[in-house]
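Below, each chain spelled out in residue letters.
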Amino acid sequence: METVLESNILPIAKPKWLKVKLPIGQKYTELRGLVDKYKLNTICTSGSCPNMGECWGEGTATFMILGNVCTRSCGFCGVKTGRPETVDWDEPEKVARSIKIMNIKHAVITSVDRDDLKDMGSIIWIETVKAIRRMNPETTLETLIPDFQGVERNLDRIVEANPEVVSHNVETVRRLTREVRIQAKYDKSLEVLRYLKAKGIRRTKSGIMLGLGETEEEVIQTMKDLRNANVDIVTIGQYLQPSKKHLPVKEYILPEQFEKYEKIGLEMGFRHVESGALVRSSYKAQKHIL
């Protein structure tokens, strides 16, 4: 019987610029205490975001709605895939209450994909925004939405809710989309972003991960595609492998390359470009409403 040997290819070592300082500060300590005391659910904590201390210190936090099981199986994402739980119709009030308890100035709301639902979760989305507005009238909002399969009546609910920023991530370049996002389509994401802007959303935003095997030319083309879709804000960060089951990191992008993309993006006309190894979708989100 043959013995199957494990691959002897070692993962690329993380470079020094990916090391993060432990979050500190009075604001962070206060919010951490509230999250633990009231068992509040934030992506910041559950996703171990490297920017948690900085964002919390500025009064920004990200919340995920519609459960923690996704109907899609993207090769980069650490969220569980499978059959999601029943929709919790009390969730909008729970999220709004969490924001009030934490005294959040700018909230980012995101969700798993819910292709199992007729409305793909869009009704819970609008109810969540309404509840936050009602309970926290001074809090500004960004909604980081799925593509809702491009169905206009679902997107129209987001438009009706009218958050200050609506974000939808293309995640990667055209060539790698089928491998990275599997059930998503590059052009559909661009259509979603273009539709939202045409319908009157004040700020639209998208994000790209690097290190999956894309070329510089492909990244620049993706940025051009986003600008052609009238996207206002782009975030560019380093992909990090959530587990051995996920896509491997092909390359760690140098800090100077991120700086180059930032310069190119601003020259293209983006209102804001956040580009750096530790940049994530909601990084410096509170500045993107300006």
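Bear in mind the structure is a predicted one, so any value in this text is a computation, not a measurement.

A separate point is the pattern of salt bridges. Summed over all chains, the structure comprises nine salt bridges. Between K94 and D88 there is a salt bridge, with the nearest N and O atoms lying 2.7 Å from each other. Residues R174 and D187 are paired through a salt bridge, measuring 2.8 Å at the closest nitrogen-oxygen approach. A residue pair is termed long-range when its members are at least 10 positions apart, and R174 in the loop between β6 (165-167) and α7 (177-180) and D187 in helix α8 (residues 186-198) qualify at 13 residues. By relative accessible area, which is 43% here, R174 ends up partly exposed.

Here we come to the sheet that holds strand β4 (residues 106-111). Adjacent strands of a sheet form backbone hydrogen bonds with each other and so pair up, either parallel or antiparallel. Judged by pairing direction, the sheet is parallel, and its seven strands sit side by side in the order β1-β4-β5-β6-β7-β8-β9 without closing on themselves. Only two strands of the sheet have a single partner each, and these edge strands are β1 (60-65) and β9 (272-275). When the angles between neighbouring strand axes are averaged without regard to direction, this sheet yields 20°. Two elements, β4 and strand β5 (residues 140-144), share five bridges in a ladder whose sense is parallel. Bridge assignment links V108 to a residue of β5, and that residue is E142.

Criteria and cut-off values
- Residues numbered from 1 in each chain as written.
- Predicted model: local features only at pLDDT ≥ 70, side-chain atom pairs only at ≥ 80, totals over all residues.
- Heavy atoms only, no water.
- Salt bridge = Lys/Arg side-chain N within 4 Å of Asp/Glu carboxyl O.
- Helix = DSSP H or I, 4+ residues; strand = E, 2+ residues; numbered from the N terminus.
- Buried < 20%, exposed > 50% of the residue type's maximum accessible area, 1.4 Å probe, protein only.
- Pairing = 2+ DSSP bridges.
- Axes fitted to C-alpha atoms, helices over the stretch in contact; angles between N-to-C directions.

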